[in-house]
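# Structure at a glance
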Amino acid sequence: MFSQPTVAMPLPPEIAARAFILQDMGSRQTLAARNADTPVEPASLTKLMSAYLVFQALQNGKLSATKELAISDRAWRTGMSGASRSFMDVNSRVKVDDLIKGMVVQNGNDATVALAEGVAGSVEAFVEMMNRQAQVFGLKATHFANPEGLSARGHVSTARELSLIAARLITDYPQALAYFSLKEFSYNGYRQLSRNLLLHRDPTVDGLMTGYTEAAGYGLVATAHRTAQGSERRLISVVLGAVSPETRANESQKLLNWGYSAFDVVKLFDANQSVATARVWKGQSSTVRLGATHPVLVVVPRGQGRTVQTSLTRNDPLMAPLTLGQTVGTLTITLGSQPWQTLPLQALEPVPSAGWLGRMWDAVRLGIQ
């Protein structure tokens, strides 16, 4: 989902953490990373995947925000087993809306388990869903043993894969940010502030999650949305293994600020803008427009925007049928003579197969060529 940083990338600031990564959502570029593929305990950052499945259930109608779910003995005991809980009484019934707030604002383990049971019927079934979704995302290192993030054997992820989960959550369910941006939540007489200190310090930060276990140290997945040089930019930072809550916030802020200040944004093409027309064989149309179905943005080191160049490579000959958005080649971006990024070149319109006579005629013409 994100291209790897090249050797021409500016060096990031020194980050006091075991691992970190910074992702640019608009250009799908990784701006900086260190130890980003090292397996670690995700701690409460696990709840990003739990939240993804909860919002998926809301979208498909399996849950509603006003539905009340029971706080089982298991949910209550899980809440009591750590410092992260929403103080929900056993055998009480709580609205899904409040459970989500308890999960993402208070890091409530009790709220998370109640939601898991509400979505899947049991914690075990929900964990199976989490791991299936990780496979759908193409995650290789991530494996979940529970929905809340308490230490467990085989419960691991990486900075890179946590950033991918966060990116999919924001992309597929942008309404989730209305919850992740909340600075506090009160329930059952207990008022708790979000542990994401950046929400209280930086108005451009609107999520996401903190995590801590003794083995993992302090972690934070943060996202910020700012206007820079007339372009809207969203960054996702992951900082893992910091020594304190203050350190994880400071280092995340440092990384985000660098990501916005060290780069310029260059818009190459609009969504669905035709950048080339190609010959199509055996189709109802003899040509197809090529480009990208999303805006093509690239971030480059500050002051180097004028050196950006692009070139196209097609997978010729192009044979019908072609579907809208089908990858038919590569868009290569260079910064001067330095390779910078490669993106899929896509068909901007479908091309159905021709009838048998048309297909036969094109087969003959291809044979002559």
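These notes cover the structure that comes with them. Every value quoted in this text rests on a predicted model; they were computed, and no experiment measured them.

A few words on a nonpolar patch on the surface. The grouping of W356, L357 and M360 at the surface amounts to a nonpolar patch, some 390 Å² of accessible area in total. With respect to the secondary-structure elements, L357 resides in helix α9 (residues 356-368).

Now for the sheet that holds strand β12 (residues 287-291). In spatial order, the strands read β14-β16-β17-β12-β11-β15; together these 6 strands make up an open sheet with mixed pairing. Among the strands making up the open sheet, the edge pair consists of β14 (308-314) and β15 (318-319). Strand direction decides the pairing type here: strand β11 (residues 276-281) and β15, joined by 2 bridges, are parallel. By the bridge assignment, V280 is partnered in β15 with L318.

A few words now on the sheet that holds strand β1 (residues 19-24). Taken in spatial order, the 5 strands of this open sheet run β2-β1-β9-β8-β7, and their pairing is antiparallel. Each end of this open sheet is capped by a strand with a single partner; those strands are β2 (29-34) and β7 (205-213). For this sheet the average axis-to-axis angle between neighbouring strands, irrespective of direction, equals 10°. Bridge analysis of strand β8 (residues 217-228) against strand β9 (residues 231-242) gives 10 bridges, and the strand direction is antiparallel. Residue pairing in the sheet places T227 in a bridge with E232 of β9. Packing of helix α8 (residues 245-261) onto the sheet brings it into contact with β1, β2, β7, β8 and β9, and relative to β9 it is tilted by some 145°.

As enumerated under the stated definition, the model contains 16 salt bridges in all. The salt bridge involving D172 is made with R168; its shortest N-O contact spans 3.0 Å. Residue D172 and its partner R168 are located together in helix α6 (residues 159-172), separated by 4 residues, close to a single helical turn. By relative accessible area, D172 is classed as partly exposed at 26%.

What follows deals with the side chain of Q29. Assignment of secondary structure puts Q29 in strand β2. Classification of Q29 as buried rests on a relative accessible area of 1%. Within the local environment of Q29, its side chain forms a polar contact with the side chain of S27, the two groups lying 2.8 Å apart. Excluding residues that lie within four positions of it along the chain, Q29 makes contacts with F2, S3, M9, L22, Q23, D24, V298, V299, W340 and Q341.

Packing of helix α1 (residues 47-59) against helix α5 (residues 123-136) brings their axes to within 10 Å, and their N-to-C directions diverge by 100°. Classed by the angle they form, the pair α1 and α5 counts as roughly perpendicular. In this structure, α1 contributes M49, S50, Y52, L53 and Q56 to the contact, and α5 contributes F126, M129, M130, Q133 and A134. When grouped by side-chain class, the residues that make up the contact of α1 with α5 number 7 nonpolar, 3 polar and no charged.

What follows concerns the nonpolar core. Grouped together as the largest cluster of nonpolar side chains are 62 residues, with contacts concentrated most on L48, L99, L169 and F180. Ignoring sequence-local partners within four residues, the contact set of L99 consists of L69, I71, M88, V94, A111, A114 and L115. Counting residues in each nonpolar core, the second largest holds 36 residues, with V205, L256, L331 and L335 among its members.

Summarising the element assignment, N272 is placed in the loop between β10 (263-269) and β11. Residues N272 and Y260, 12 residues apart in the sequence, show an inter-C-alpha distance of 27 Å. Not counting residues within four places of it along the chain, the set of residues in contact with N272 comprises R289, A292, T293 and L348.

Cut-offs applied
Residues numbered from 1 in each chain as written. Predicted model: local features only at pLDDT ≥ 70, side-chain atom pairs only at ≥ 80, totals over all residues. Heavy atoms only, no water. Patch = residues over 30% accessible without salt bridge, like charges linked within 9 Å, V, L, I, M, F, W, Y side chains within 5 Å. Areas by Shrake-Rupley, 256 points an atom, 1.4 Å probe, with all protein chains shown as cover. Salt bridge = Lys/Arg side-chain N within 4 Å of Asp/Glu carboxyl O. Helix = DSSP H or I, 4+ residues; strand = E, 2+ residues; numbered from the N terminus. Pairing = 2+ DSSP bridges. Axes fitted to C-alpha atoms, helices over the stretch in contact; angles between N-to-C directions. Contact = heavy atoms within 4.5 Å. Buried < 20%, exposed > 50% of the residue type's maximum accessible area, 1.4 Å probe, protein only. Polar contact = N/O pair within 3.5 Å; in protein donor to acceptor, adjacent residues only side chain to side chain. Parallel < 35°, antiparallel > 145°, perpendicular 65-115°, else oblique. Nonpolar A, V, L, I, M, F, W, Y, C, P; charged D, E, K, R; others polar. Core = buried A, V, L, I, M, F, W, Y, C linked by side-chain atoms within 4.5 Å.

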